[in-house]
Amino acid sequence: MSSAVLERITRLAPLGLEFRDQASGRRIGDGLVVRVMPPGQPQRSVLARPNPRGIHVAHDLPGLGAWSHGGAEPLPHPEFEIQVEDRLGRFLPCNLRLTLPEQGLAKPACLAANSHPGIPLFSAPTRIAPGLAVIRAELFNPVAGKPAAWAVLAAEYQEQQVALGMADGQGRIQLAFAYPEPALSDQPLAA
């Protein structure tokens, strides 16, 4: 008995995104709602869904024509807005702009030179981070006379950055990081 190929279907994903927890470095695949849309057109949004490895993938994006089904690549590459929300409340929301299609995992231009894999997600100020050291603060901008919304703050220990965080819209921030190794000393704790 022989068989013949009647039809071949090609389906390409124009977008693959890997999200990482800025505090732990772990890949985040669960609990995220990732919407992809042409800028200013939320009615044309498509959900990017996580694959079994936790990479968020979007198919059949508006404006890419037949490319998703093996056709010619659109030129110029259209720009898309990506909105990320965490249904579980662990991370701050995130907005990105990318030109698509992207070969391999997509990264915004500001992260292209960054050697760390994935797009960092910053901890929400209310997040519970078991097993990690946590610094919580409320940041205020005295010049503007209001909370320092979306400010970025780094924590250092012995001249090494140990945490990077972003404030929410009310200036509240959480920096979560692995406990530093204790330094050995001949001095008693009281000194």
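See the structure above.
1. So, the overall build of the protein chain
Turning to step 1, where the next piece is worked out: Looking only at helices and strands, the protein chain features zero helices and 15 strands.
Turning to step 2, where the next piece is worked out: For the protein chain, the residues scored as buried account for 37% of the 191 residues in total.
Turning to step 3, where the next piece is worked out: Sequence separation of at least 24 residues holds for 57% of the intrachain contacts in the protein chain that already meet a minimum separation of 6.
Turning to step 4, where the next piece is worked out: In the form shown here, the protein chain has an accessible surface area of approximately 12,300 Å², with 53% of it arising from carbon and sulfur atoms.

2. Some details on the sheet that holds strand E2 (residues 19–21)
Turning to step 1, where the next piece is worked out: Strands sit in the order E3-E2-E9 across an open sheet of three strands; the sheet is mixed. Single-partner strands in this sheet number two, and they are strand E3 (27–28) and strand E9 (119–121).
Turning to step 2, where the next piece is worked out: Relative to E3, E2 runs antiparallel, the two sharing two bridges. Along E3, the bridge assignment pairs Phe19 with Ile28.

3. Things to note about empty space enclosed by the protein
A probe matching the size of a water molecule, rolled over the atoms, marks out where space remains unfilled.
Turning to step 1, where the next piece is worked out: Counted by the stated rule, this structure contains one cavity of 30 Å³ or more.
Turning to step 2, where the next piece is worked out: In this model, the largest cavity occupies a volume close to 40 Å³.
Turning to step 3, where the next piece is worked out: Along the walls of the largest cavity sit Gln22, Ala23, Phe122, Ser123, Leu164, Gly165, Gln174, Leu175 and Ala176, which together make up its complete lining.
Turning to step 4, where the next piece is worked out: Residue assignment for the lining of the largest cavity shows that the elements contributing at least two residues are strand E14 (160–166) and strand E15 (172–177).
Turning to step 5, where the next piece is worked out: Among the elements that take part in the lining of the largest cavity, E15 stands out by supplying three residues, more than any other.
Turning to step 6, where the next piece is worked out: A breakdown of the residues in the lining of the largest cavity according to their chemical character gives five nonpolar, four polar and no charged.

4. Side note on the nonpolar core
Turning to step 1, where the next piece is worked out: By size, the foremost hydrophobic cluster in this structure holds 24 residues, and its most contacted members are Leu15, Leu17, Phe19, Val36, Leu61 and Ile82.
Turning to step 2, where the next piece is worked out: Counting only elements with at least two residues in this core, the list comes to strand E1 (15–17), strand E4 (32–37), strand E5 (46–50), strand E7 (79–86), strand E8 (94–99) and E9.
Turning to step 3, where the next piece is worked out: Residue contacts for Leu15: discarding those within four places in its chain leaves Val36, His56, Val57, Ala58, Leu61, Ile82, Leu98, Leu100 and Ala106.
Turning to step 4, where the next piece is worked out: Core analysis: the second largest hydrophobic core is formed by seven residues, Ala133, Ala155, Ala163 and Phe177 among them.

5. Some words on the environment of Ser45
Turning to step 1, where the next piece is worked out: As for its placement among the helices and strands, Ser45 is situated in the loop between E4 and E5.
Turning to step 2, where the next piece is worked out: Considered as a pair, Ser45 and Phe80 are 35 residues apart in the sequence and their alpha carbons are 9.7 Å apart.
Turning to step 3, where the next piece is worked out: Setting aside residues up to four positions removed in sequence, Ser45 forms contacts with Arg35, Val36 and Met37.

6. Some details on the pattern of salt bridges
Turning to step 1, where the next piece is worked out: Throughout the structure, instances matching the rule amount to nine salt bridges.
Turning to step 2, where the next piece is worked out: Of the charged contacts, one joins Arg20 and Glu18 as a salt bridge, the two residues approaching to 2.7 Å between their closest N and O atoms.
Turning to step 3, where the next piece is worked out: Residue classification places Glu18 among the buried residues on the basis of a relative accessible area of 4%.
Turning to step 4, where the next piece is worked out: With a shortest N-O distance of 3.9 Å, Arg35 and Glu85 are connected by a salt bridge. Here the residue Arg35 occupies a position in strand E4, and Glu85 occupies one in strand E7, the gap between them amounting to 50 residues.
Turning to step 5, where the next piece is worked out: Take Arg35: its relative accessible area is 29%, and that puts it in the partly exposed class.
Turning to step 6, where the next piece is worked out: Owing to a relative accessible area of 41%, Glu85 belongs among the partly exposed residues under this scheme.

7. Comments concerning the side chain of Gln174
Turning to step 1, where the next piece is worked out: Position of Gln174 among the secondary structure elements: in strand E15.
Turning to step 2, where the next piece is worked out: By relative accessible area, which is 1% here, Gln174 ends up buried.
Turning to step 3, where the next piece is worked out: A distance of 3.5 Å separates a polar atom in the side chain of Gln174 from the backbone oxygen of Ala124.
Turning to step 4, where the next piece is worked out: Looking at Gln174, its side chain comes within polar contact range of the main-chain oxygen of Arg127, at 2.7 Å.
Turning to step 5, where the next piece is worked out: Other than its neighbours up to four places away in sequence, Gln174 contacts Ser123, Ala124, Pro125, Thr126, Arg127, Ala129, Val134, Ile135, Arg136 and Gly165.

The rules behind the values
Residues numbered from 1 in each chain as written. Predicted model: local features only at pLDDT ≥ 70, side-chain atom pairs only at ≥ 80, totals over all residues. Heavy atoms only, no water. Helix = DSSP H or I, 4+ residues; strand = E, 2+ residues; numbered from the N terminus. Buried < 20%, exposed > 50% of the residue type's maximum accessible area, 1.4 Å probe, protein only. Contact = heavy atoms within 4.5 Å. Areas by Shrake-Rupley, 256 points an atom, 1.4 Å probe, with all protein chains shown as cover. Pairing = 2+ DSSP bridges. 1 Å grid on protein atoms, 1.4 Å probe; cavity = no way out; pocket = protein on both sides within 12 Å on 5 of 7 lines; lining within 4 Å. Points joined across faces, edges and corners; volume = space filled by probe spheres on them. Nonpolar A, V, L, I, M, F, W, Y, C, P; charged D, E, K, R; others polar. Core = buried A, V, L, I, M, F, W, Y, C linked by side-chain atoms within 4.5 Å. Salt bridge = Lys/Arg side-chain N within 4 Å of Asp/Glu carboxyl O. Polar contact = N/O pair within 3.5 Å; in protein donor to acceptor, adjacent residues only side chain to side chain.

Spatial relationships are all this shows, so hold off on functional conclusions.
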